[in-house]
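Spelled out, the chains give:
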Amino acid sequence: MNHSPNELIMLFNDLFRESHRTILVKGGDEPEYRPADGDNGLAQIVFAHGYYASALHEISHWCIAGEYRRTLHDYGYWYCPDGRTPEQQREFEQVEIKPQALEWLFSIAAGTRFHISVDNLSGDGAANEQAFRQGVRAQASHYLTHGLPHRAGLLLDALKTFYGTTDTHASNWHRDAERIAPSTSAKNSSRKTEIV
């Protein structure tokens, strides 16, 4: 299935332009969140290079940000770029668990392939990639069991309806979970197979 970011822009803007005065916008090199300028302005979620996956990731951050954070440029967070120290990377991985869990669920709803990202190619890579993967898997599972944040739930339902994945979303997520972060029993089973 070929995915156009224009489809995602249409879905997002139909859902949130009026209710949350926020729109999704194609951008250039760097993604960013621009809060509304004045009472009649619209906040903008700008995603990088027109990439569908970048849009899903930036939307995920917006879905988690509270009302006050949505009044601040880039939600008021300081971003430490690629090339982070091990300590900075540990902090990065902690704050990325929730947005990447949402991005993963959105990706499955849209029928696209999710790629987990530690986003530290110029540094030492992940602080603990296995723990990060398991953390993202656990958070996604928690969302599926206990419910997503309100705005994320609205978008997930819209994506499932638009891409026709309502009936397959749960089974597709369980299958993909083993690709992204294999469970301990799956790892042990594959080790036993290798030994035999």
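Every value quoted in this text rests on a predicted model; they were computed, and no experiment measured them.

Mind showing me how you'd approach the side chain of H57 here?
Mapping H57 onto the fold places it in helix 2 (residues 52-64). Residue classification places H57 among the buried positions, given a relative accessible area of 15%. Leave out the neighbours within four places in its chain, and H57 touches E96, P99, Q100 and E103.

Just checking my understanding: could you explain the packing of aromatic side chains for this structure?
One pass over the full model with this rule turns up 7 aromatic pairs. Ring geometry for W104 against W173: centres 5.5 Å apart, planes inclined by 50°, an arrangement best described as tilted. Of this pair, W104 sits in helix 3 (residues 86-110) while W173 sits in helix 6 (residues 169-180), placing them 69 residues apart in sequence. Residue W104 shares its accessibility class with W173, and that shared class is buried. Arranged with centres 4.9 Å apart and planes meeting at 85°, the rings of F162 and Y163 form a pair that is edge-to-face. The buried category is assigned to Y163, whose relative accessible area is 10%. Linked through ring pairs, F12, F16 and W62 together constitute an aromatic cluster.

Any chance you could explain the sheet that holds strand 1 (residues 22-26) here in plain terms?
Through backbone hydrogen bonds, the strands of a sheet pair up, either in parallel or in antiparallel fashion. Reading across the sheet, the 3 strands line up as 1-3-2 and stay open at both edges, with mixed pairing between neighbours. At either end of the open sheet lies a strand with only one pairing partner, and these are strand 1 and strand 2 (32-34). Each strand of the sheet is rotated relative to its neighbour by a mean of 20°, with strand direction disregarded. Relative to strand 3 (residues 43-47), strand 1 is paired through 5 bridges, and the arrangement is parallel. Following the sheet pairing, T22 is matched in strand 3 by A43. Along the sheet, helix 1 (residues 5-16) contacts strand 1 and strand 3; its crossing angle with strand 1, the most-contacted strand, is approximately 165°. Sitting on the sheet, helix 2 is in contact with strand 1, strand 2 and strand 3, with an inclination near 140° to strand 3.

Definitions and cut-offs
Residues numbered from 1 in each chain as written. Predicted model: local features only at pLDDT ≥ 70, side-chain atom pairs only at ≥ 80, totals over all residues. Heavy atoms only, no water. Helix = DSSP H or I, 4+ residues; strand = E, 2+ residues; numbered from the N terminus. Buried < 20%, exposed > 50% of the residue type's maximum accessible area, 1.4 Å probe, protein only. Contact = heavy atoms within 4.5 Å. Phe/Tyr/Trp six-rings, centres within 6.5 Å; stacked < 30°, edge-to-face > 60°. Pairing = 2+ DSSP bridges. Axes fitted to C-alpha atoms, helices over the stretch in contact; angles between N-to-C directions.

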